[in-house]
Amino acid sequence: VRLRLSGEGEPGEFGAPHGDLYVRVTIAPDPLFVREGRNLVCEVPVTFVEAALGATLRVPTLKGLAELTLKPGTQSGAQLRMAGLGLPASHGRSRGDQIVKIVVEVPRKLTSEQKRLLREFDTDYVPEAHPLKKAFQALIERLRK
């Protein structure tokens, strides 16, 4: 962004008026927030257990930390809106919202006991509890025919 400040530059020659001052403004990216208009977007990593069972999260906002309730069964990629916690309008009193994007993080390392428990958990697979997987498997079956 470049700003022009009229008459704030160097003085002109032989008594001519001052020139204009141009200021280049560069905004560094923020490590937590991405701006989308007046809204702020923040990705928040959660564990599989927090997403499956629900949790109370502490998320950063421009005003400090705030609590956000994660409902049981929240999927990775879900977007939760925190009204009025975005950026202010340039003319007026309204504010944008903060959008929290949920990212379910799958653990990279598991103990042998954790692996055993997850395999046991998976033996009780119920297709109705996994509608995306159920629909995908149905699509694959139709393609086989």
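Above this text you will find the structure in question.
Residues numbered from 1 in each chain as written. Predicted model: local features only at pLDDT ≥ 70, side-chain atom pairs only at ≥ 80, totals over all residues. Heavy atoms only, no water.

Some thoughts on the sheet that holds strand E3 (residues 34-36)
In step 1: Taken in spatial order, the 4 strands make up an open sheet running E3-E4-E8-E7, and their pairing is mixed. In this open sheet, the two edge strands, each paired with only one partner strand, are E3 and strand E7 (79-82). The mean inter-strand angle of the sheet, taken between neighbouring strand axes irrespective of direction, is 35°.
In step 2: Bridge analysis of E7 against strand E8 (residues 98-105) gives 4 bridges, and the strand direction is antiparallel. The residue of E8 that forms the bridge with Arg81 is Ile99. (Pairing = 2+ DSSP bridges. Helix = DSSP H or I, 4+ residues; strand = E, 2+ residues; numbered from the N terminus. Axes fitted to C-alpha atoms, helices over the stretch in contact; angles between N-to-C directions.)

As for unusual backbone geometry
In step 1: A positive phi is found at Phe14, a non-glycine position, where the angle reads about 55°.
In step 2: If you trace the backbone, Phe14 turns up in the loop between strand E1 (2-5) and strand E2 (21-24).

Some words on the packing of aromatic side chains
In step 1: Summed over all chains, the structure comprises 1 aromatic pair.
In step 2: Measuring from centroid to centroid gives 6.2 Å for Phe48 and Phe121, while their planes differ by 75°, and the two rings are edge-to-face. Separated by 73 residues along the polypeptide, Phe48 in helix H1 (residues 48-53) and Phe121 in helix H2 (residues 112-123) bring together distant segments of the chain.
In step 3: By relative accessible area, which is 52% here, Phe121 ends up exposed.
In step 4: For Lys133, the ring lying beneath its charged end belongs to Tyr125, and the centroid distance is 5.2 Å. (Phe/Tyr/Trp six-rings, centres within 6.5 Å; stacked < 30°, edge-to-face > 60°. Buried < 20%, exposed > 50% of the residue type's maximum accessible area, 1.4 Å probe, protein only. Lys NZ or Arg CZ within 6 Å of the ring centre and 35° of its normal.)

Section: the pairing of E8
In step 1: Relative to E8, strand E4 (residues 39-47) is paired through 8 bridges, and the arrangement is parallel. The partner of Leu40 across the bridge, within E8, is Gln98.

Concerning the pattern of salt bridges
In step 1: Here the structure, examined in full by the defined rule, presents 6 salt bridges.
In step 2: The salt bridge involving Asp20 is made with Arg4; its shortest N-O contact spans 2.8 Å. In this pair, Asp20 is assigned in the loop between E1 and E2 and Arg4 in strand E1, connecting sequence segments 16 residues apart.
In step 3: By relative accessible area, which is 32% here, Asp20 ends up partly exposed.
In step 4: According to the relative accessible area criterion, Arg4 is exposed, its value standing at 52%.
In step 5: One network of salt bridges, in which partners are shared, links Glu113, Arg116 and Glu120. (Salt bridge = Lys/Arg side-chain N within 4 Å of Asp/Glu carboxyl O.)

Some remarks on the layout of surface pockets
If you roll a probe as big as a water molecule over the atoms, it shows you where there is empty space left.
In step 1: Considering only enclosed or pocket space, the largest pocket measures out at about 1000 Å³ in volume.
In step 2: Examining the composition of the lining of the largest pocket, we find that 5 residues originate from one element, H1, more than from any other.
In step 3: Its residues placed into classes, the lining of the largest pocket shows 16 nonpolar, 6 polar and 4 charged.
In step 4: The wall of the second largest pocket is formed by Ile27, Ala28, Pro29, Asp30, Phe33, Val34, Arg35, Leu40, Leu62 and Leu87.
In step 5: Its residues assigned to classes, the lining of the second largest pocket comprises 8 nonpolar, no polar and 2 charged. (1 Å grid on protein atoms, 1.4 Å probe; cavity = no way out; pocket = protein on both sides within 12 Å on 5 of 7 lines; lining within 4 Å. Points joined across faces, edges and corners; volume = space filled by probe spheres on them. Nonpolar A, V, L, I, M, F, W, Y, C, P; charged D, E, K, R; others polar.)

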